[in-house]
Amino acid sequence: MAVGIFDSGIGGLTILEAVQKRLPDTPFVYFGDNAHAPYGVRTHDDIFDLTTAATQRLWDEGCDLVILACNTASAAALKRMQETWVPPHKRVLGVFVPLIEALTERQWGDNSPPREVAVKHVALFATPATVASRAFQRELAFRAIGVDVEAQPCGGVVDAIEQGDEILAEALVRSHVEALKRRMPHPEAAVLGCTHYPLMAATFQAALGADVKVFSQANLVADSLADYLHRRPEFAGPGTQSRYLTTGDPVSVSSKATQFLRKPVRFEAA
Ligand code: DGL
């Protein structure tokens, strides 16, 4: 009954940790495409090709359900995958919708018309590809009206995290928050729209100020996955083993993952 978790690199481990805690008896196979990270500066076609290759690898591991724990792949490739590529007996789900449901105070499956919500000024931090896709604003517009979204493409942050350079990542986060605040001085909420960014959550919160509510995805995705598997248990695939796979160098990816998660993680070659 294994479930696949995919990210371009180590960011999706923030989601994996939360889903493991929520579903302790479910084996998870993690796939980090570290050899090709960052995705956030690639074309949509490129992101589609890489994401489908990784998803196929997770299906080969017995994961009939794959979570794209990557906003960039969810924004740039998921719709096309679902429309043209995923066969009827498999599922691929993204990480956007649970977050937007939380922001707009909706339950899963509430398809009522868009309505006014409490939060009016939202700062979105994401990769350049995610920001360019406008997928966040599109999903939000289905559910809410009157929300002003200011998006900041956070160039360089994923690269710095993948290289294990925490100091550079912190400096970049501070400068991206300053840039956003010049355009939206008082956001009420901020969305960390990249699964690498929770690794920098404290820096985002400090730069934004304590009065800004920071939404990050891990627990929201975990709740949503538990709910999905409860409704559709047939999509827990036949795999039985938890594994960490990477297209990068397993030794260096394991050491970066261990540094960021502050617990030992051992990757194998994908
Ligand atoms: N963690 C991915 C995301 O959520 C990172 C994208 C990248 O590789 O640039 O968008």
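To start, this report covers the structure provided alongside it. (Residues numbered from 1 in each chain as written. Predicted model: local features only at pLDDT ≥ 70, side-chain atom pairs only at ≥ 80, totals over all residues. Heavy atoms only, no water.)

**Things to note about the site of the ligand**
Residues in close proximity to the ligand total 13 residues, the closest being Ser8, Tyr39, Asn71, Thr72 and His196. At 2.7 Å from an oxygen atom of the ligand is found a main-chain nitrogen or oxygen belonging to Asn71. When the free accessible area of the ligand is taken as 300 Å², the share hidden by the protein chains comes to 99%. (Near = heavy atom within 4 Å. Polar contact = N/O pair within 3.5 Å; in protein donor to acceptor, adjacent residues only side chain to side chain. Areas by Shrake-Rupley, 256 points an atom, 1.4 Å probe, with all protein chains shown as cover.)

**With respect to the packing of aromatic side chains**
Applying the stated criterion to the full structure yields ten aromatic pairs. Between Trp59 and Trp85 the ring centres are 4.8 Å apart and the planes differ by 15°, which places this aromatic pair in the stacked class. Of the two residues, Trp59 is situated in helix H2 (residues 44–60) and Trp85 in the loop between helix H4 (78–84) and strand E4 (91–93); the sequence distance between them amounts to 26 residues. Ring pairing ties together the aromatic residues Phe6, Phe31 and Tyr39, which thus form one cluster. We note Arg80 situated over the ring of Phe48; from NZ or CZ to the ring centre the distance is 3.8 Å. Geometry around Phe215 places Lys213 over its ring, the cationic atom sitting 4.7 Å from the centre. (Phe/Tyr/Trp six-rings, centres within 6.5 Å; stacked < 30°, edge-to-face > 60°. Helix = DSSP H or I, 4+ residues; strand = E, 2+ residues; numbered from the N terminus. Lys NZ or Arg CZ within 6 Å of the ring centre and 35° of its normal.)

**A closer look at the sheet that holds strand E10 (residues 213–215)**
Overall, parallel pairing links the four strands, which are arranged E8-E6-E9-E10 in an open sheet. Each end of this open sheet is capped by a strand with a single partner; those strands are strand E8 (148–153) and E10. For this sheet, the mean angle separating the axes of adjacent strands, direction not counted, is 20°. Where strand E6 (residues 121–126) lies against strand E9 (residues 189–192), four bridges are found, and the strand directions are parallel. Residue pairing across strands places Val122 opposite Ala189, the latter belonging to E9. Against the sheet, helix H9 (residues 166–183) contacts E6 and E8, and its axis sits at roughly 145° relative to E8. Across the sheet, helix H10 (residues 201–208) touches E6, E9 and E10, and the angle it forms with E9 is around 155°. (Pairing = 2+ DSSP bridges. Axes fitted to C-alpha atoms, helices over the stretch in contact; angles between N-to-C directions. Contact = heavy atoms within 4.5 Å.)

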